[in-house]
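Here is what each chain is made of, one letter per residue.
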Amino acid sequence: MGNKKAEPTINQTATVATPTKKILIVEDEKLLADALEVKLKGAGYETFKAENGQLGLSSISQNKPDLVILDIMMPIMDGRQMLTKLREMSEFKNLPVLMLTNAGTSDNMHETKFYFNAVDFLIKSNVSLEEIVAKVKQLV
């Protein structure tokens with residue numbers, strides 16, 4: 001009986017690749033920044049790092065991240081100074097910023113979050129790397 005060859009089929013449902021979300025980690029503690037980078041890359045994010053606010057602002061302009069994880073206490077330019085300058089830049093005034101710190105209590109961090117228009121904050125000593133990644137997933 002006939003040796004009919006099967007016709008190749010065309011997949012009608014094209015998959016649209018979602019762009020990789022970019023996360024900037026502004027953290028002066030190298031071990032923490034490196035560990036966050038590994039966890040976030042493992043979760044599928046593209047990451048950039050800066051060790052102070054001044055370098056963070058440069059990285060934001062260059063890399064245009066979807067979210068910034070921002071430490072408060074850093075040399076050269078701290079997180080509050082960086083966030084103040086960031087909010088003055090019209091292109092980035094609504095860029096989501098997750099503050100990560102050991103400086104302060106929940107009460108004064110709520111005030112800082114409100115005043116500096118951060119999307120949320122986490123106290124470093126109270127969270128695991130997995131919880132930070134989960135929060136990033138929630139925010140982007």
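The structure presented is a predicted model; accordingly, all values stated were derived computationally and were not measured. (Residues numbered from 1 in each chain as written. Predicted model: local features only at pLDDT ≥ 70, side-chain atom pairs only at ≥ 80, totals over all residues. Heavy atoms only, no water.)

1. Regarding the nonpolar core
Residues Val26, Ile60, Val68, Leu70, Met82 and Leu86 are the most contacted members of the largest nonpolar core, which totals 21 residues. Broken down by secondary-structure element, the contributors of at least two residues to this core are strand 1 (22-26), strand 2 (46-50), helix 2 (53-63), strand 3 (67-71), helix 3 (79-88), strand 4 (97-101) and strand 5 (120-123). With three residues, the single largest contributor to this core is helix 3. In this view, methionine 82 contacts Val26, Gly53, Gly56, Leu57, Ile60, Val68, Leu70 and Met77; residues no more than four positions away in its chain are not counted. If you look at the next biggest cluster of nonpolar residues, it comprises 15 residues, including Ile25, Leu32, Tyr45 and Leu100. (Core = buried A, V, L, I, M, F, W, Y, C linked by side-chain atoms within 4.5 Å. Buried < 20%, exposed > 50% of the residue type's maximum accessible area, 1.4 Å probe, protein only. Helix = DSSP H or I, 4+ residues; strand = E, 2+ residues; numbered from the N terminus. Contact = heavy atoms within 4.5 Å.)

2. Describing the side chain of aspartate 71
Looking at the element boundaries, aspartate 71 is found in strand 3. In terms of polar contacts, aspartate 71 uses its side chain to reach the side chain of lysine 124, at 3.3 Å. Setting aside residues up to four positions removed in sequence, aspartate 71 forms contacts with Val26, Glu27, Asp28, Gly79, Leu100, Thr101 and Lys124. (Polar contact = N/O pair within 3.5 Å; in protein donor to acceptor, adjacent residues only side chain to side chain.)

3. Re the packing of helix 2 against helix 3
It is the contact of helix 2 with helix 3, at a shortest axis distance of 9 Å, that shows an interaxial angle of 30°. Relative to helix 3, the element helix 2 is oriented roughly parallel. Relative to helix 3, the crossing made by helix 2 is right-handed. Touching Gly53, Gly56, Leu57 and Ile60 of helix 2 are Met82, Lys85 and Leu86, all from helix 3. Considered class by class, the residues forming the contact of helix 2 with helix 3 number four nonpolar, two polar and one charged. (Axes fitted to C-alpha atoms, helices over the stretch in contact; angles between N-to-C directions. Parallel < 35°, antiparallel > 145°, perpendicular 65-115°, else oblique. Left-handed = near helix turned anticlockwise from the far one by under 90°. Nonpolar A, V, L, I, M, F, W, Y, C, P; charged D, E, K, R; others polar.)

4. So, the pattern of salt bridges
A complete count under the given rule lists ten salt bridges for this structure. Of the charged contacts, one joins aspartate 34 and lysine 49 as a salt bridge, the two residues approaching to 2.4 Å between their closest N and O atoms. With aspartate 34 in helix 1 (residues 30-42) and lysine 49 in strand 2, the pair connects residues that are 15 residues apart, well separated along the chain. Accessibility expressed as a relative area gives 22% for aspartate 34, which makes it partly exposed. Aspartate 71 serves as the salt-bridge partner of lysine 124, at 3.3 Å between the closest nitrogen and oxygen. Of this pair, lysine 124 sits in the loop between strand 5 and helix 5 (129-139) while aspartate 71 is found in strand 3, placing the two residues 53 residues apart along the sequence. Aspartate 71 matches lysine 124 in its accessibility class, with the two residues each being buried. Salt bridges sharing common partners tie together Lys30, Asp34, Glu37, Lys41 and Lys49. (Salt bridge = Lys/Arg side-chain N within 4 Å of Asp/Glu carboxyl O.)

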